[in-house]
Structures are given as C-alpha cells and as structure tokens.
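Okay, here's what each chain looks like letter by letter:
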Amino acid sequence: MTSFVLDASVAIKWVIPDGREPLMGTALRLLQQYRDGELDFIVPDVFWAEVGNALWRGVKQGRWNRARAGLAAEEMRERDFQTVPSRLLVGEALEIASTYDRNIYDCLYAALAVQARTELITADERLANALAARFPVKWLGAF
C-alpha cells in the first residue's frame, strides 16, 4: 500500500459542504482510495490543529454552522491517520523553514515526507512551488 503525507489543505476539502471548492473532486478521489485501502496517510500532529482551525474559520465566515463543523471534526477524527509528533520533526522543519522562507507548520509536513520517504500531497500551490524542486512535495492539482 502506498502512503503519503497528507496536508490539512487537502483533508479539509473532504468536509467542506460547498461543492465548488477548487480541486475538491481530486481530493475526494484520494479519500475514496484511502477508504478502499489503496493508499494510506501519515500526518504530523499539527494536522489536527490545522483542520480544527479551518473548521472554526469556516464557522466564523458563515460557510457552515457549528453543528456541521462538529460533525466534520468527528468524521476527521474517525480516520485515525498515523500521527507523528512534531517534536520529532521540528529540527529538520526549522532548517527547511529557514532555508526556504516558509512557515514552520508547512515545513513539518515536508520534514515528515522526507523522514517517511514518501511524498507530501498539498492543495497549497505556493507551498508546492516553493519546495517541490528540493523536497518530495506534490500539488493536488498534479494528480
């Protein structure tokens, strides 16, 4: 089975009720492959906070209500992805962040991809453009 590091920017597309979200179809195909046991996802522990923050932001912006956000959080938690503590990644992530002028949160994902010897899948095109030449980062739009 193929494993990928999953960025929260991809996972949040699975629970957004607005079907007009860019790359949503591609994200949903990845989710189906996960459900079918064709691939697996690994995440840094910051993933869960980023998903929660995106859900909170959606409520604040009126994109969905608190009840829907709560259901989405439960759906996400049930996926039980292998989660790696950030403390094991922060040294390499800091090096990446300093070298490429990216925030440490994004660089935790890239460091995990390096450590796990797999690719990071992200919907953040700017992140992919900044790191893909040197790190195993793949933009969701390239799938």
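As a starting point, this report considers the structure included with it. (Residues numbered from 1 in each chain as written. Predicted model: local features only at pLDDT ≥ 70, side-chain atom pairs only at ≥ 80, totals over all residues. Heavy atoms only, no water.)

With that settled, the discussion passes to the layout of surface pockets. Quantified by volume, the largest pocket comes out at close to 380 Å³. Surrounding the largest pocket, 18 residues form its lining, Ser9, Ile12, Glu50, Ala54 and Arg57 being those nearest its centre. For the lining of the largest pocket, the elements supplying multiple residues, two or more each, are α1 (8-11) and α3 (46-60). In terms of residue class, the lining of the largest pocket is built from 6 nonpolar, 5 polar and 7 charged. (1 Å grid on protein atoms, 1.4 Å probe; cavity = no way out; pocket = protein on both sides within 12 Å on 5 of 7 lines; lining within 4 Å. Points joined across faces, edges and corners; volume = space filled by probe spheres on them. Helix = DSSP H or I, 4+ residues; strand = E, 2+ residues; numbered from the N terminus. Nonpolar A, V, L, I, M, F, W, Y, C, P; charged D, E, K, R; others polar.)

Time to look at the packing of α3 against helix α4 (residues 66-78). It is at 9 Å that the axes of α3 and α4 come closest, and there the two elements cross at 160 degrees. Relative to α4, the element α3 is oriented roughly antiparallel. Along this stretch, α3 crosses α4, giving a crossing that reads as right-handed. Packed against α3, whose contacting residues are Trp48, Val51, Leu55 and Val59, the element α4 presents Arg66, Ala69, Ala72, Ala73, Met76 and Arg77 at the interface. Tallied by class, the residues present in the contact of α3 with α4 amount to 8 nonpolar, no polar and 2 charged. (Axes fitted to C-alpha atoms, helices over the stretch in contact; angles between N-to-C directions. Parallel < 35°, antiparallel > 145°, perpendicular 65-115°, else oblique. Left-handed = near helix turned anticlockwise from the far one by under 90°. Contact = heavy atoms within 4.5 Å.)

Our focus in this paragraph is the nonpolar core. Counting residues in hydrophobic clusters, the biggest one holds 50 residues, and the most contacted among them are Leu6, Val10, Trp14, Phe41, Phe47, Leu55 and Phe81. Counting residues per element, this core draws most heavily on helix α6 (residues 104-116), which supplies 7 residues. Excluding its chain neighbours within four sequence positions, the residues that come into contact with Phe81 are Leu6, Trp14, Tyr34, Phe41, Val43, Phe47 and Trp48. (Core = buried A, V, L, I, M, F, W, Y, C linked by side-chain atoms within 4.5 Å. Buried < 20%, exposed > 50% of the residue type's maximum accessible area, 1.4 Å probe, protein only.)

If you walk across this open sheet you meet the 5 strands as β3-β2-β1-β4-β5, and the pairing is parallel. The open sheet has two free edges, formed respectively by β3 (82-84) and β5 (137-139), since each of these has just one partner strand. Put simply, the sheet's adjacent strands are angled 35 degrees from each other on average, direction ignored. Strand direction decides the pairing type here: strand β2 (residues 39-44) and β3, joined by 3 bridges, are parallel. Bridging from a neighbouring strand, Ile42 pairs with Gln82 of β3. (Pairing = 2+ DSSP bridges.)

Next up on the list: the packing of aromatic side chains. A complete count under the given rule lists 10 aromatic pairs for this structure. Arranged with centres 5.7 Å apart and planes meeting at 85 degrees, the rings of Phe41 and Phe81 form a pair that is edge-to-face. With Phe41 in strand β2 and Phe81 in the loop between α4 and β3, this pair connects stretches of sequence that are 40 residues apart. According to the relative accessible area criterion, Phe41 is buried, its value standing at 0%. (Phe/Tyr/Trp six-rings, centres within 6.5 Å; stacked < 30°, edge-to-face > 60°.)

What follows covers the environment of Leu30. One can find Leu30 in helix α2 (residues 24-35). For Leu30, a relative accessible area of 2% corresponds to the buried category. Spatially, the C-alpha atoms of Leu30 and Arg20 are 17 Å apart, while their sequence positions differ by 10 residues. Among all residues touching Leu30, those that are not within four sequence positions of it are Val10, Leu39, Phe41, Ile121, Leu140 and Phe143.

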